[in-house]
Amino acid sequence: MPLKQKSLRVVMAQTEKYTYPALAEAIAAEPGIELIEIKDTLDNIWRKVITHSPDITIFYAPVFENAEKRCVNHILHGVYSSVLVLAEDTYFSHIPRASKLEVFGLVKNKTDKAFIKRIINRVKEIGPVVKDKNRRNAPGVEEAEGPDLDARLQNHIIAIGASTGGTEAMAKLFKMLPEDMPGIVVVQHMPPVFTRMYAERLDRELPFSVTEAADNIRIKPRTIHIAPGDRHLLVKRNGPHYYTHLGGTEKINGHCPSVDVLFESVAKAAGKNSTGIILTGMGADGARGLLRMKKSGAHTIGQDEESSVVYGMPKKAFDYGAVIKQVSLGEIAMHLIAHLKQINVL
């Protein structure tokens, strides 16, 4: 069956030093394929790849050493699709092994039509990514060890607050996370109806189950609950499990839903078994609640000024002493994963 026009998104990642224009031109000319070329430093390449949510990533790296390996590992953990690595044969031993990664040895002639056709045919064979919300892990990402993974994930909860610029910031953050994550609760300052539409959009794009929060729903691992645009979202604990609770409609700190209300409830319900993240936004909502989480033993993360659309909420939280670690948006996922591994959640 022929591909529908622009139905397959392919990202071709290259450094400025090593490029493959003949392959890029041939892929771009194929009907039904949307090609996105990335030419940047290795440290920036993986971040840009992840934000595009590709069906297939082609990583052109004739010389494949430690820096290239780190870049590919980040891509593997950030996308839910296949990665094709094009490298010289002598570097094959450096390339990580993963079920969703394929390696192609380069030919000397970069305009070789047979080789280019081989890559294009393989891209078409793989096709668009199919996200299975019932699977435990994205292909190629190792499962966490131990039979008690779900119990460890269930015992922890992640709370995120954002305002101006937060919708795209959160979408980028979620795309960098592995599928096995504790339940996530979110307050994004946004009007009613739009919160439901935002949740539906993320549910389509992510392997997580994403919903607009309802009352008294168990917060399970691999799920994201986004506060409705006109109700406060709180977290309560009943035995070993966390549950959503929808509060009133009065404005707190000028907002409903309020990040402070969410964070304070998480501090009370989960304490040290929680992580709080405050992202870009105008005003001070969330600063006091994040401080409450920190004092209860939670780990807290704030987005830095350079990567924030508006450095208001993260700045106020930082000034209050509520932020344990302040990093760029692109580094939050790595820091969060490292922390969860350190405390034996992942």
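Scroll up for the structure.
As the structure is a computational prediction, the values presented were derived from the model and not from experiment. (Residues numbered from 1 in each chain as written. Predicted model: local features only at pLDDT ≥ 70, side-chain atom pairs only at ≥ 80, totals over all residues. Heavy atoms only, no water.)

## A look at the sheet that holds strand 9 (residues 223-226)
Pairing is parallel across the open sheet formed by 7 strands, whose spatial order is 8-9-7-6-12-13-14. Bordering the open sheet on either side are strand 8 (209-212) and strand 14 (325-327), each of which pairs with just one other strand. Neighbour-to-neighbour, the strand axes of the sheet open up by a mean angle of 20°, direction not taken into account. Along the sheet face, helix 6 (residues 166-175) touches strand 6 (157-162), strand 7 (183-188), strand 9 and strand 13 (299-303) and points at about 165° away from the line of strand 7. Where helix 7 (residues 194-205) meets the sheet, it contacts strand 7, strand 8 and strand 9, and its direction lies at approximately 175° from that of strand 8. (Pairing = 2+ DSSP bridges. Helix = DSSP H or I, 4+ residues; strand = E, 2+ residues; numbered from the N terminus. Axes fitted to C-alpha atoms, helices over the stretch in contact; angles between N-to-C directions. Contact = heavy atoms within 4.5 Å.)

## Considering the sheet that holds strand 1 (residues 8-14)
Taken together, 5 strands build an open sheet; the order of strands is 2-1-3-4-5 and the sheet is parallel. Of all the strands in the sheet, just strand 2 (33-39) and strand 5 (101-105) have a single pairing partner and so form its edges. Adjacent strand axes in the sheet meet at a mean angle of 20° when their direction is disregarded. Its contacts with the sheet put helix 1 (residues 21-28) on strand 1, strand 2, strand 3 (56-60) and strand 4 (82-87), and the angle it makes with strand 2 is roughly 155°. Each of strand 1, strand 2 and strand 3 is contacted by helix 2 (residues 42-51), which is oriented at about 175° to strand 1, the strand it contacts most.

## Comments concerning the packing of aromatic side chains
The tally for this structure, following the rule as stated, stands at 2 aromatic pairs. Ring plane angle 55° and centroid distance 5.1 Å describe the contact between Tyr20 and Tyr60, whose orientation is recorded as tilted. One end of the pair, Tyr20, is in the loop between strand 1 and helix 1; the other, Tyr60, is in strand 3, with 40 residues separating them in the sequence. Residue Tyr60 is classed as buried on the basis of its relative accessible area of 6%. An angle of 85° between the planes, with centres 6.2 Å apart, marks the rings of Phe59 and Phe64 as edge-to-face. We classify Phe64 as buried; its relative accessible area is 0%. Lying across the ring of Tyr20, Lys110 places its NZ or CZ 5.7 Å from the centre. (Phe/Tyr/Trp six-rings, centres within 6.5 Å; stacked < 30°, edge-to-face > 60°. Buried < 20%, exposed > 50% of the residue type's maximum accessible area, 1.4 Å probe, protein only. Lys NZ or Arg CZ within 6 Å of the ring centre and 35° of its normal.)

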